[in-house]
Amino acid sequence: MAAKKAEQALVTRWRGILALHARTQCELDRALHRHGLCGSDFEVLDVLAGTLDEDGSGSCGYRVQQISERVHLSQSALSRLVARLEEDGLVERSMCPEDRRGVRVALTSKGRVMYGQVLPVQRAVLHRMLAD
């Protein structure tokens, strides 16, 4: 009986986590939509904003595989998202110098400006939805 209650408590907790994630993702999508982005777009921009060139001046980017390890998207969904961000001028793709089969993705100057504009929006949503 006690084991059954403990199991049910875990299931209830799990469903609560899923519900909180869904509500937060919807709020992020709603807030970022005003800027032409969705939550997944922001996550990719956020990952790319964390990389710098050797001189510290700008984003040197990540390989697509490295991005996929940091965001919760399939490889094909990430490829489509990166293509869309590239069409919007927010990222650029280039051949990976260390492995010519690989593709490196980096923020453009427009992407850095957009990231700077939406970062406070995303953080405000997280604070509103997740802060205790």
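Residues numbered from 1 in each chain as written. Predicted model: local features only at pLDDT ≥ 70, side-chain atom pairs only at ≥ 80, totals over all residues. Heavy atoms only, no water.

A. Focus on the nonpolar core. Counting 22 residues, the largest nonpolar core has Leu-37, Val-44, Leu-45, Leu-48, Ile-67, Leu-85 and Val-91 as the members making the most contacts within it. Looking at this core, the elements that each hand over two or more residues are helix H2 (39-49), helix H3 (64-68), helix H4 (75-87), strand E3 (99-107) and helix H5 (109-130). The element that contributes the greatest number of residues to this core is H2, accounting for five residues. (Core = buried A, V, L, I, M, F, W, Y, C linked by side-chain atoms within 4.5 Å. Buried < 20%, exposed > 50% of the residue type's maximum accessible area, 1.4 Å probe, protein only. Helix = DSSP H or I, 4+ residues; strand = E, 2+ residues; numbered from the N terminus.)

B. Fine view of a nonpolar patch on the surface. A cluster of nonpolar side chains, contributed by Trp-14, Ile-17 and Leu-18, occupies part of the molecular surface with about 320 Å² of accessible area. Within the element layout of this structure, Leu-18 appears in helix H1 (residues 2-33). Among the residues examined, Leu-18 registers a relative accessible area of 41% and is labelled partly exposed. (Patch = residues over 30% accessible without salt bridge, like charges linked within 9 Å, V, L, I, M, F, W, Y side chains within 5 Å. Areas by Shrake-Rupley, 256 points an atom, 1.4 Å probe, with all protein chains shown as cover. Salt bridge = Lys/Arg side-chain N within 4 Å of Asp/Glu carboxyl O.)

C. Structural view of H1. Spanning 32 residues, H1 covers 46 Å between terminal C-alpha atoms, matching the ideal 46 Å at 1.5 Å per step. Where H1 is concerned, the buried positions are Thr-24, Leu-28, Ala-31 and Leu-32. (Expected span 1.5 Å × (residues − 1).)

D. Up close: the pattern of salt bridges. Going through the model one piece at a time under the given rule, you end up with five salt bridges. With a shortest N-O distance of 2.8 Å, Arg-84 and Asp-41 are connected by a salt bridge. Placement of the pair is Arg-84 in helix H4 and Asp-41 in helix H2, with a sequence separation of 43 residues. We classify Asp-41 as buried; its relative accessible area is 2%. A salt bridge links Arg-123 to Asp-46; the nearest nitrogen and oxygen atoms lie 4.0 Å apart. Here Arg-123 is found in helix H5, whereas its partner Asp-46 is found in helix H2, with 77 residues between them in sequence. When its relative accessible area of 24% is taken as the criterion, Asp-46 is described as partly exposed. Three or more residues joined by partner-sharing salt bridges are found here, namely Glu-27, Arg-30 and Arg-128.

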